[in-house]
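# Reading the structure
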Amino acid sequence: MSELFDAVDALVASRAALPPPAERKRLRVAHGLTIDEVATALRVRRATVSGWENGKTEPRPPERDAYARLLDKLAELYPADATAAPVQDAAVPATFTAAPDPAEARTLSTGQASEAVGMTATENTLTAAPVAAAPAAASRPARTTRTSSTSRRPGAKGAAPAGAPAGGTDPRFENGPLAVVDVEDGKVLAYCTGGLVLDVPAKSIPALVDWTLREAKLGQPKLSGPGKDADPLLVLTEAALERYGLPVTLTEEEKHAGRIPEGHRVVKQLARADWKLTKRGFGPWARIYRPATGSERACVQLCIPSWHALDTRHWGHAAQLPPAELARIVGVYASRVLTPRGSTAVTGLELMTALHPPTRASEPDADDKRHSEHNPGSLGKDAIDPMNWPPCEVPDGHPVLKDLPRFHVRGPGEKLFEEAYDWARPMTDAECTLRFLVGIDVNMAFAAGANGLIVGLGEATHVKAPAFDPKLPGSWLVDLSHVDLSRVKVGKEWVELDGSLLPSPFTPKGERPEGPAWYATPTVAYAVELGYEVRPLEAWVRYENGRYLDGWYQRLRDAYLATMADLGVHTDMAPADFLAAMDGYKARDPELAIVVSAIKATVKGGLGKLRERPRGEGWRPGEPWRALSRPTWRPDIRAAVISRTRINLHRKIVKHAAFTGQYPVAVLSDCVVYAAAGPSPLDFLPYRDGVALPGGFRLGINPGLVKHEGTQTVLWGEEVRERFDAPELNLARYIKDGTVTDVDNGE
């Protein structure tokens, strides 16, 4: 009887219902599958699957049953759009002939916002654009959809497109902030956020730029009232580069120059079409533009991953992702942070300007005309004259230092040296009896340091023998060597500590200062907080000041929290639940975890750009370099943020020591290592009924709270230090995985 049943099953399978050919192709592309992947799974040739999709042939058993099963599963994930025209039994048109209907686009591009939106919306009071939801991550998250229409939108019940604000889509940019341009089966396709795929008719780079500005409806609304909309971003795959006559990789000479030669055929094509390139030329992040006419801008940003546009240190394996997945990942970053305009560092700096544009339109004058005026709270449109900078705040080689002897080394009394911690000490006998070294890491430490920080907006004023004002940003020459960490104020009470086991809060290496030195305002204010009097000898202060970085912090904070929420880590978790959620969170969606890395790099890189140093270009010490011409070249702001971040960490260390008697073994930037009896942070962090020590270390995902960085044994730490004959080797540098390949060199 079973043989009869098998025969009946085979007969049914031989007539398994299949959707029309065009729908088969739509479902495959919707899930981000290539023809080769389907062919491999079904153990047939690529040409066979291609024939099934263009209607030339029909599948036969046993492949037909398996193919039907695949299409049924995909149809459940990506149901056909009921409002669209019926799918015809024909191939997909090759060109984009008309823009999609706006009403249809708005209907299909909205969706459920992620939990993170509701969680952070009330906190984000200074950012204009709310955090967008990441596309839902199913078995293969956020794949594209292709139908027989020329703009193909997903019909699945997914989250909103990554480029869409939670409240709806700007009709000018209804297709999102960017597109990944690829070539498949000889056709040029633009993979947008939210699963949309557009056919691209352009035959050249100039035509591609024209199409992007006129028909693609790509871009991003401005983040601030006086600001400018973000330019559309096109990410070009290797196949697209070949299609448009560009090299897939750069030669060594081109890598060194950061661009292709000006005589390249594509560069000449752009020139003939009256398109211009910025000074950095046609490189990994080329900007192609025409001078603005009125308020209309004509500019397209290109990103070329195979030219190393996406730094693997920050973007991981993003450059190797399929087009649909790459559009999803960069789209999430763009919608939550900003459309990338270069490296994460460049984008971090551009985000500051996007939130605080330098100018705004004035009120109407007597002739009812408006003009451009300074936007209060911004850094303005003009850079500070290099010769007006305080000598203590600038790096070596700056024009204001040109009269110094060539090999002169400035000491603490000549140079503001606010940097992150790199400190360690030998373990005590008591610590050596414990089993583990546990590292904790402050989440988004430098972003938290920027939150609420008052920074200078204009030029500095030199003051002799000033009275210290903790609310006045600037640099102060003061002697803090009298501050004794063995007796300090914690809150309103004096406490006794073992000062020899603590790093000094005033120097990056944790050494006690000797004599007068330059410090940023947060550092001097902390000396006062610890209960000690300060008497500055002189200062460079900025009377025009404000909380310039608040909006920047909030935008990046919300982006980080929303993305971590998508990865299963939320702000309201109990300590044990938080540690469990953080364990392996990247594996839940490795691609979305790339966005977390990029957001963190945006924070550190953006702050680093505030003191960008010269990079080649024939520069010689004493000469100005290109970055000095930017209003956002502000080393004083960078110093203030780092100062506050280091002080915030020291304050927690002191509170922890006063309450528990435990002292750190090593501190590196935002990571602190303690000796503990158990391997978990819960084995040494003081929690009472689930509540952390006020003002101390607290587990959680919010910026300023801590997570588990790594655990090694005390024996491991002692062996490593003995092997390299370095009793003060900074173990925080290796606590994550325990790998030590060379002696600590401070890098």
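Residues numbered from 1 in each chain as written. Predicted model: local features only at pLDDT ≥ 70, side-chain atom pairs only at ≥ 80, totals over all residues. Heavy atoms only, no water.

This part covers the side chain of Arg287. The residue Arg287 is located in strand 7 (residues 287–293) in this model. We classify Arg287 as buried; its relative accessible area is 16%. Among the polar contacts made by the side chain of Arg287, one reaches the side chain of Asp231 at a distance of 2.7 Å. Side-chain polar atoms of Arg287 contact the side chain of Gln301, separated by 2.7 Å. With near-sequence residues (within four places) excluded, Arg287 lies in contact with Asp231, Lys276, Leu277, Thr278, Arg280, Arg297, Cys299, Val300, Gln301 and Arg341. (Helix = DSSP H or I, 4+ residues; strand = E, 2+ residues; numbered from the N terminus. Buried < 20%, exposed > 50% of the residue type's maximum accessible area, 1.4 Å probe, protein only. Polar contact = N/O pair within 3.5 Å; in protein donor to acceptor, adjacent residues only side chain to side chain. Contact = heavy atoms within 4.5 Å.)

So, on to helix 23 (residues 714–723). Within helix 23 the residues assigned to the buried category are Val714, Trp716, Gly717, Val720 and Arg721. The buried side chains of helix 23 occupy one side of the element, clustering within an arc of 160° when seen end-on. Facing away from the buried surface of helix 23 by more than 90 degrees, the exposed residues are Leu715, Glu722 and Arg723. The inward-facing, buried residues of helix 23 contact strand 11 (422–424), helix 15 (429–432), strand 12 (436–442) and strand 25 (706–713). Of the residues one or two after helix 23, Asp725 is the one with positive phi, at around 50°. (Arc of directions from axis to C-beta.)

The strand order across the open sheet formed by four strands is 14-19-15-18, and the pairing between neighbours is antiparallel. In this open sheet, the two edge strands, each paired with only one partner strand, are strand 14 (461–464) and strand 18 (516–520). Neighbour-to-neighbour, the strand axes of the sheet open up by a mean angle of 20°, direction not taken into account. Note that strand 15 (residues 474–479) and strand 18 share five bridges and pair antiparallel. Among the inter-strand pairings, Leu477 is bridged to a residue of strand 18, identified as Trp518. (Pairing = 2+ DSSP bridges. Axes fitted to C-alpha atoms, helices over the stretch in contact; angles between N-to-C directions.)

Turning next to a negative patch on the surface. Taken together, the side chains of Glu718, Glu719, Glu722 and Asp725 define an acidic patch exposed on the protein surface. Relative to the helices and strands, Glu718 is located in helix 23. For Glu718, a relative accessible area of 32% puts it in the partly exposed group. (Patch = residues over 30% accessible without salt bridge, like charges linked within 9 Å, V, L, I, M, F, W, Y side chains within 5 Å. Areas by Shrake-Rupley, 256 points an atom, 1.4 Å probe, with all protein chains shown as cover. Salt bridge = Lys/Arg side-chain N within 4 Å of Asp/Glu carboxyl O. Lys, Arg positive; Asp, Glu negative; His and termini not counted. Charge placed at Lys NZ, Arg CZ, Asp CG, Glu CD.)

With that out of the way, let us pick up the environment of Ala692. Positionally, Ala692 belongs in strand 24 (residues 691–692). Assessed through its relative accessible area of 13%, Ala692 is described here as buried. On a C-alpha basis, the gap between Ala692 and Pro575 in space is 9.3 Å, while along the polypeptide they are 117 residues apart. Leaving out residues up to four positions away in the same chain, Ala692 has contacts with Pro686, Tyr687, Phe697 and Arg698.

Here we have five strands laid out as an open sheet, ordered 11-21-22-12-25, and antiparallel in their pairing. The sheet is open, and its two edges are formed by strand 11 and strand 25, each paired on a single side. Across the sheet, the axes of successive neighbouring strands diverge by a mean angle of 20°, strand direction being ignored. The sheet contact formed by strand 21 (residues 666–668) and strand 22 (residues 671–676) spans three bridges and is antiparallel. Looking across to strand 22, one finds that Ala666 is bridged to Val673.

Moving on to unusual backbone geometry. Of the consecutive residues Pro61 and Pro62, the connecting peptide bond is found in the cis state with omega at 0°. Position of Pro62 relative to the elements: it lies in the loop between helix 4 (46–54) and helix 5 (63–77). In this model, Lys217 sits at a positive phi of 55°, which is unusual for a non-glycine residue. Along the polypeptide, Lys217 turns up in the loop between helix 8 (205–214) and strand 5 (233–236). Of the residues examined, Lys217 reaches a relative accessible area of 22% and is grouped as partly exposed.

Here we come to the layout of surface pockets. Looking at the second largest pocket, its volume works out to about 1,400 Å³. Lining the second largest pocket are 42 residues; nearest its centre among them are Asp441, Lys600, Lys604, Glu709 and Lys736. Secondary-structure elements contributing two or more residues to the lining of the second largest pocket are helix 12 (312–315), helix 14 (344–355), strand 12, helix 16 (445–450), helix 19 (575–582), helix 20 (585–588), helix 21 (590–609) and strand 25. By residue number, the principal contributor to the lining of the second largest pocket is helix 21, which donates eight residues. The residue makeup of the lining of the second largest pocket, split by class, is 18 nonpolar, ten polar and 14 charged. (1 Å grid on protein atoms, 1.4 Å probe; cavity = no way out; pocket = protein on both sides within 12 Å on 5 of 7 lines; lining within 4 Å. Points joined across faces, edges and corners; volume = space filled by probe spheres on them. Nonpolar A, V, L, I, M, F, W, Y, C, P; charged D, E, K, R; others polar.)

Here we come to the side chain of Arg611. Checked against the element boundaries, Arg611 lands in the loop between helix 21 and helix 22 (635–660). Overall, the relative accessible area of 17% leaves Arg611 in the buried class. The residues contacting Arg611, other than those within four sequence positions of it, are Pro395, Glu419, Trp633, Pro635 and Arg638.

Another aspect to go through is the confidence of the model for the protein. Counting all residues, the mean pLDDT for the protein is 86, and 85% of those residues have values of 70 or more. Low pLDDT (under 50) marks residues 153–168, which in the prediction has 54 contacts with non-local residues, meaning those over four places away or in another chain. pLDDT under 50 marks residues 743–747. Its contacts with residues more than four places away, or in other chains, come to nine contacts. (pLDDT = per-residue confidence, 0-100.)

Moving on to empty space enclosed by the protein. Under the definition given, this model contains seven cavities of 30 Å³ or more. Size it by volume and the largest cavity reaches roughly 90 Å³. Taken together, Glu393, Val394, Pro395, Lys415, Leu416, Phe417, Glu418, Glu419, Arg611, Pro635, Arg638 and Ala639 make up the lining of the largest cavity. For the lining of the largest cavity, the residue count by class is six nonpolar, no polar and six charged.

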